[in-house]
Every structure is written in C-alpha cells, then in structure tokens.
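An overview of the molecular structure
Here are the chains, one letter per residue:
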2 protein chains.
Amino acid sequence: MAEDDVVFVGSKPVMNYVLAVVTQFNSGAKEVKVMARGRAISRAVDVAEVSRSRFLGDVHVKDIQISTETLNTDRGETNVSAIEITLSK
Amino acid sequence: MAEDDVVFVGSKPVMNYVLAVVTQFNSGAKEVKVMARGRAISRAVDVAEVSRSRFLGDVHVKDIQISTETLNTDRGETNVSAIEITLSK
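Residues numbered from 1 in each chain as written. Chains lettered and ligands numbered in written order. Predicted model: local features only at pLDDT ≥ 70, side-chain atom pairs only at ≥ 80, totals over all residues. Heavy atoms only, no water.

1. Re the interface of chain B and chain A
- Each partner contributes to the interface: chain B provides 19 residues, whereas chain A provides 19 residues.
- Between chain B and chain A lies a buried interface of about 1,300 Å² when both sides are counted; carbon and sulfur atoms form 62% of it.
- Sorting the residues of chain B by area buried against chain A places B:E49, B:I64 and B:I66 first, and these three jointly supply 41% of that buried surface.
- Linking chain B to chain A there are 0 salt bridges.
- The tally of links from chain B across to chain A stands at 9 residue pairs in polar contact (both at pLDDT 80 or more).
- For the side of chain B that touches chain A, the secondary structure elements donating two or more residues are helix 2 (40-55), strand 4 (60-73) and strand 5 (76-88) of chain B.
- If one sorts the elements of the side of chain B that touches chain A by residue count, helix 2 of chain B sits on top with 7 residues. (Contact = heavy atoms within 4.5 Å. Buried area = accessible area lost by both parts, 1.4 Å probe. Salt bridge = Lys/Arg side-chain N within 4 Å of Asp/Glu carboxyl O. Polar contact = N/O pair within 3.5 Å; in protein donor to acceptor, adjacent residues only side chain to side chain. Helix = DSSP H or I, 4+ residues; strand = E, 2+ residues; numbered from the N terminus.)

Put into structure tokens, the structure is as follows:
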C-alpha cells in the first residue's frame, strides 16, 4: 500500500490509508503522494482531506494531477482515470 | 445539472455530463468547472478526462481544488469531500 512517500488507495477503509499517510509524515517525509484509479479516486480525496484536516494541521495540498491510464485486461485495453494528490508540509 | 459554466456531476452516466461540458465550451465558455461530492468525485474526474482527451483537444485542466463540506442530514451533520476541476481553453 505504501512505498516511499506514496500511498496507493484501493478498496480498504479510508482510515487504513490515513494511518499510512500520517505514519509517512511522522517518520520524516516532507511530501506524501496519495494515488488512486477509477472508483477509488473518491476515497483518495477522502484520505487527503481527513489526513489534512483532522491529523496533520501543518500539511496542505500542494498539487493535484488527473490523468487517463490504459490498462490491459483479459477483455483487451481499457482506459481508467487516475488521480495524484501531493500533500506537503 | 449545468448552471453558467458549472457542471454538477451526480449519478447519471458520464456521457451526460461530458455533453454538458462540450455544449458549454461550444456556446462560448472560456472555462467550465466540473464539481462533485462524495462518490461522484470519481465520475467527475472521468468527465474531465473524457471531455478533454476525446472531445476538446484545446482544453486543459487549469486547476483542481478539493475540500470538505458539512451537510445537514436527518441524522445530523456529516462531512463529505468535494472536488472542483476547472477546465480552460
């Protein structure tokens, strides 16, 4: 779920990812990227907002990027939206 | 669904909102804001990406803002995430 300073949001509860974000900042990260695809995008926004407003008062949203990624599935190629939210101290 | 240059994304199919965005730009808008709350946030990102990449080659994502809104429901106050994507020519 969390590589160096990146938290990939999937289908687990929001608080799992909030904990990952808070842990990254508490262990010294200056920036953490919250990333997600498809329907998990809404959850990624929740994660960024809850982390920032409830747990990390000194962290702000530095940048938000959206894009389209092409996935290879057993039914051929399919496009899916993606989001990358950069949180920064 | 569409006020002046704002498209509120809800639970309808993505293409309904893409059509609204394209119509706004074709009738002279320089900027269109795509807005959504909660689980519709993922669909709003789809709308922005599909509009931009398939129908409006000269339009780019100018800005993306996320926030938390407090809603009054019959079960009291509840927080919900929101997104505002500004598309611009």
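2. A word on the relation of the copies chain B and chain A
- You can overlay chain B on chain A at an RMSD of 0.0 Å; the transform is a turn of 180° with a shift of 0.0 Å along its axis. The transformation just described matches what one would write down for a two-fold rotation axis. Closest approach to the rotation axis within chain B is made by the C-alpha atom of B:S42, at a distance of 2.6 Å. (Least-squares fit on C-alpha atoms with pLDDT ≥ 70 in both.)

3. Overview of the nonpolar core
- Judged by nonpolar contacts, the single largest core of 52 residues is most densely connected at A:V21, A:I83, A:I85, B:V21, B:I83 and B:I85.
- Setting aside anything within four residues of it in sequence, one finds A:V21 in contact with A:V7, A:V32, A:V34, A:V47, A:S51, A:L56 and A:L87. (Core = buried A, V, L, I, M, F, W, Y, C linked by side-chain atoms within 4.5 Å. Buried < 20%, exposed > 50% of the residue type's maximum accessible area, 1.4 Å probe, protein only.)

4. So, the environment of B:L71
Residue and element names in this part refer to chain B.
- By the secondary structure assignment, L71 is in strand 4.
- Given a relative accessible area of 27%, L71 falls into the partly exposed group.
- C-alpha of L71 to C-alpha of M15: the two residues are 56 residues apart in sequence and 27 Å apart in space.
- Those residues in contact with L71 that sit more than four places away from it in its chain are R37, G76, E77, T78 and V80.

5. A word on the environment of A:T68
- Assignment of secondary structure puts A:T68 in strand 4 (residues 60-73).
- Measuring from C-alpha to C-alpha, the distance between A:T68 and A:P13 comes to 24 Å, with 55 residues separating the pair along the chain.
- When residues no more than four places from it in sequence are discounted, the contact partners of A:T68 are A:N79, A:V80, A:S81 and B:E49.

6. What to know about the layout of surface pockets
- When its volume is computed, the largest pocket comes out at roughly 680 Å³.
- Lining the largest pocket are 26 residues, with A:G38, A:R39, B:S42, B:R43 and B:D46 positioned closest to its centre.
- Secondary structure elements with two or more residues in the lining of the largest pocket: helix 2 (40-55), strand 4 and strand 5 (76-88) of chain A together with helix 1 (14-26) and helix 2 of chain B.
- For the lining of the largest pocket, the leading source of residues is helix 2 of chain B, giving 8 residues.
- Empty space within the second largest pocket amounts to approximately 260 Å³.
- A:V14, A:M15, A:D46, A:E49, A:V50, A:S53, A:R54, B:G38, B:T68, B:N79, B:V80 and B:S81 are the residues that line the second largest pocket.
- At the level of elements, helix 1 (14-26) and helix 2 of chain A together with strand 5 of chain B are the ones that each hand at least two residues to the lining of the second largest pocket.
- Ranked by residue count, the leading element in the lining of the second largest pocket is helix 2 of chain A, at 5 residues. (1 Å grid on protein atoms, 1.4 Å probe; cavity = no way out; pocket = protein on both sides within 12 Å on 5 of 7 lines; lining within 4 Å. Points joined across faces, edges and corners; volume = space filled by probe spheres on them.)

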